[in-house]
Amino acid sequence: MLTGRCLCGACAYEIVGEPIVVAHCYCLDCQRLSGAGHATGAMFPEDGVTISGEPGLYSLTSEGGNTVTRVFCTTCGSPLFGKNTGMPGVMTVTLGTLDAPDAMVPQVAIFARSRRAWDVLDQSVATFDAQPSWKPADPV
Ligand SMILES: [Zn+2]
Ligand SMILES: [Zn+2]
């Protein structure tokens, strides 16, 4: 089981199951969300995720027309999870909030077309200009 929490500890979570994919995302929304050049997250089946505390939710419409919901701590602001109606039943956890982030190995980089020159791309991962068409049952 994986565990994690926000910066202040008001929100915590447990995850049972294996990641579907671990990805760096360079999209503009992730740049705003993280305040950095990209966000790194691992997708898990939603039914294996248990959240404690009362995180806030923020939803927006993605470039692809799906509703993206961000789950964050309303006290300290840590981004914890993301959900996307284009991938029902799946949640993406931000790797930096895991208690043991080294257990995860990023496999892909997506939305590389939006990458900033100062945010150096990991050459060891498969890179996509935008969002590849993943299905949860069809891991990369
Ligand atoms: Zn917090
Ligand atoms: Zn993104």
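Shown above is the structure to which this text applies.
Right, let's walk through the structure included here. (Residues numbered from 1 in each chain as written. Chains lettered and ligands numbered in written order. Predicted model: local features only at pLDDT ≥ 70, side-chain atom pairs only at ≥ 80, totals over all residues. Heavy atoms only, no water.)

### So, the layout of surface pockets
Put simply, the largest pocket is a space of about 850 Å³. Of all the secondary structure elements, the ones that give two or more residues to the lining of the largest pocket are strand S3 (21–25), helix H1 (28–34), strand S4 (39–45), strand S7 (67–72), strand S8 (79–84) and strand S9 (90–94). By residue class, the composition of the lining of the largest pocket is 21 nonpolar, 13 polar and five charged. Its volume calculated, the second largest pocket comes out at about 210 Å³. For the second largest pocket, the full set of lining residues is His 24, Ser 34, His 38, Ala 39, Thr 40, Pro 79, Thr 94, Leu 95, Gly 96, Thr 97 and Pro 106. Looking at side-chain class alone, the lining of the second largest pocket contains four nonpolar, seven polar and no charged residues. (1 Å grid on protein atoms, 1.4 Å probe; cavity = no way out; pocket = protein on both sides within 12 Å on 5 of 7 lines; lining within 4 Å. Points joined across faces, edges and corners; volume = space filled by probe spheres on them. Helix = DSSP H or I, 4+ residues; strand = E, 2+ residues; numbered from the N terminus. Nonpolar A, V, L, I, M, F, W, Y, C, P; charged D, E, K, R; others polar.)

### Some thoughts on the environment of Gln 31
Considering the arrangement of structural elements, one finds Gln 31 in helix H1. Look at Gln 31 and you get buried, because its relative accessible area is 11%. Measuring from C-alpha to C-alpha, the distance between Gln 31 and Arg 115 comes to 9.1 Å, with 84 residues separating the pair along the chain. Contact partners of Gln 31, with chain neighbours within four places excluded, come to Tyr 26, Ala 36, Gly 37, Ser 114 and Arg 116. In terms of polar contacts, Gln 31 uses its side chain to reach the side chain of Arg 116, at 2.9 Å. (Buried < 20%, exposed > 50% of the residue type's maximum accessible area, 1.4 Å probe, protein only. Contact = heavy atoms within 4.5 Å. Polar contact = N/O pair within 3.5 Å; in protein donor to acceptor, adjacent residues only side chain to side chain.)

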